[in-house]
Amino acid sequence: MKIRAIVGAAALSLLLTACGASQSATTPAAESADTVLKVGATPVPHAEILNFVKDNLAPAAGLKLEVIEFTDYVQPNVQLGEGRLTANFFQHKPYLDDFNASKGTELSFATPVHLEPLGLYSRKAADLAALPEGATVAVPSDATNLGRSLKLLADNGVITLKEGAGTSATERDVAGNPKKLAFKPLEAAQLPRSLDDVDAAVINGNYAIEAGLKPASQALALEKTEANPYVNGLVVPAGHEQDANIVTLGKLLQDQRVKDFIQQKYEGSVIPAE
């Protein structure tokens, strides 16, 4: 009986030691993994900007970034809400607010980075004054960007909107239309292809880039960054805005070297936030 007791105690001791060794071996790995920021992004320009930070700024700041690319606007928020991402970078606040309201997520806009400006483009008119009476203007059909495009036209004196129309403006909110413009809502991705069929089109910055348009030189009117609610930025789960690594990443994304990279690479198609 004594021999069995001794053997049993020894086996228990070995088991406890093994468990302790396993825990001590996995704990540092878990802590190390926690230092890697997994950031979801759409390829252009967001992932390109993040990879510039990853390669040029993050090492000196003690950050390890893993950039995970998405081709849609839903999964980056879904996976962030599920804790599979640390942050994401692809959207502006009006889109985020609508997503939170419709999906029940609790995500927070942490750091503004850049604006992909909407622009008004035309292959028939050289400037705003040359838009003919009764011109057909293609605009994005989704609610967020429709209101945004109407605001662009209003800010440039082409139309006027009803007081308080805000970012959700529709054609019904047009109060003044001196040129009697006809608006043609289209899916945003189709807008560049519509330029041959309409007098002008309001096109999102990312689709302008893909179509080879140069907003800085070719747009008849272009959004400004000052007080613009459509600035794209870093998004995190609510309550994590002041996490040390998030604050550091936010500062890097606003660094002058990143602004220079954006200005040089995108030539006005993407504008650094002020």
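Here we summarise the structure given alongside this text. Per chain, residues are indexed from 1 in the order of the written sequence. Totals for whole chains, interfaces and linings use every residue, but because this is a predicted model, local features are given only for residues with pLDDT of at least 70 and side-chain atom pairs only at 80 or more, for both listing and counting. To get the side-chain values, all heavy atoms of the structure are used, and hydrogens and water are removed first.

Right, let's talk about the nonpolar core for a bit. To qualify as a nonpolar core, a set must consist of buried Ala, Val, Leu, Ile, Met, Phe, Trp, Tyr and Cys residues joined through side-chain atoms within 4.5 Å. Throughout, exposure labels follow a simple rule: accessible area from a 1.4 Å probe, protein chains only, divided by the maximum for the residue type, with under 20% read as buried, over 50% as exposed, and the rest as partly exposed. With 27 residues, the main nonpolar core has Val-39, Ile-49, Val-53, Leu-234, Leu-249 and Leu-253 as its most contacted residues. Secondary-structure elements contributing two or more residues to this core are strand E1 (36–41), helix H2 (43–56), strand E2 (64–69), strand E3 (87–92), strand E12 (232–237), helix H9 (244–253) and helix H10 (256–266). The element best represented in this core is H2, accounting for five residues. The helix count covers DSSP runs of H or I at least four residues long, the strand count covers runs of E at least two residues long, and both are numbered beginning at the N terminus.

Next up on the list: the sheet that holds strand E11 (residues 221–222). Across the sheet, five strands lie side by side as E9-E6-E10-E5-E11; this open sheet has mixed pairing. Whereas interior strands pair on both sides, the edge strands pair on one side only; in this sheet they are strand E9 (182–186) and E11. Should DSSP find at least two bridges between two strands, the strands are taken to pair. With three bridges connecting them, strand E5 (residues 119–121) and strand E10 (residues 200–203) associate as antiparallel partners. Bridging across to E10, Tyr-121 finds its partner in Ala-201. The contact rule is simple, with two residues in contact once any of their heavy atoms fall within 4.5 Å. Angles shown run from 0 to 180 degrees and are taken between the N-to-C directions of axes, each axis being a line fitted to C-alpha atoms and, for helices, limited to the stretch in contact. Packed on one face of the sheet, helix H6 (residues 143–155) meets E5, strand E6 (136–140), E9, E10 and E11 and runs near 135° to E6.

Attention now moves to the packing of H2 against H9. Between H2 and H9, the shortest axis-to-axis distance is 10 Å and the interhelical angle comes to 105°. As the angle between them shows, H2 and H9 are arranged roughly perpendicular. Where H2 approaches H9, its residues Ile-49, Leu-50 and Val-53 are matched on the opposing element by Leu-249, Leu-252 and Leu-253. Residues are sorted three ways: Asp, Glu, Lys and Arg are charged, Ala, Val, Leu, Ile, Met, Phe, Trp, Tyr, Cys and Pro are nonpolar, and all the rest, Gly among them, are polar. Within the contact of H2 with H9, the residues separate by chemical class into six nonpolar, no polar and no charged. Should an angle lie under 35 degrees it is considered roughly parallel, over 145 roughly antiparallel, and from 65 to 115 roughly perpendicular; all remaining angles are considered oblique.

This paragraph deals with the side chain of Ser-149. Along the polypeptide, Ser-149 turns up in helix H6. Here Ser-149 falls in the buried class, since its relative accessible area comes to 0%. Dropping the residues within four chain positions of it, Ser-149 is found in contact with Leu-118, Val-139, Pro-140 and Val-202.

What follows concerns the side chain of Thr-170. Position of Thr-170 among the secondary structure elements: in the loop between strand E7 (160–161) and strand E8 (174–176). Setting aside its immediate chain neighbours within four residues, Thr-170 contacts Leu-146 and Leu-150.

We now examine the sheet that holds E3. A sheet is described by the order of its strands in space; here six strands give the open sequence E2-E1-E3-E12-E4-E13, paired in mixed fashion. One side of each edge strand has no neighbouring strand; the edge strands of this open sheet are E2 and strand E13 (271–272). Two strands pair when backbone bridges link them, and E1 and E2 are joined in this way by six bridges, in the parallel orientation. Paired with Val-39 across the bridge in E2 is Val-67. Across the face of the sheet, helix H5 (residues 93–103) comes into contact with E3, strand E4 (107–115) and E12 while running at roughly 110° to E3.

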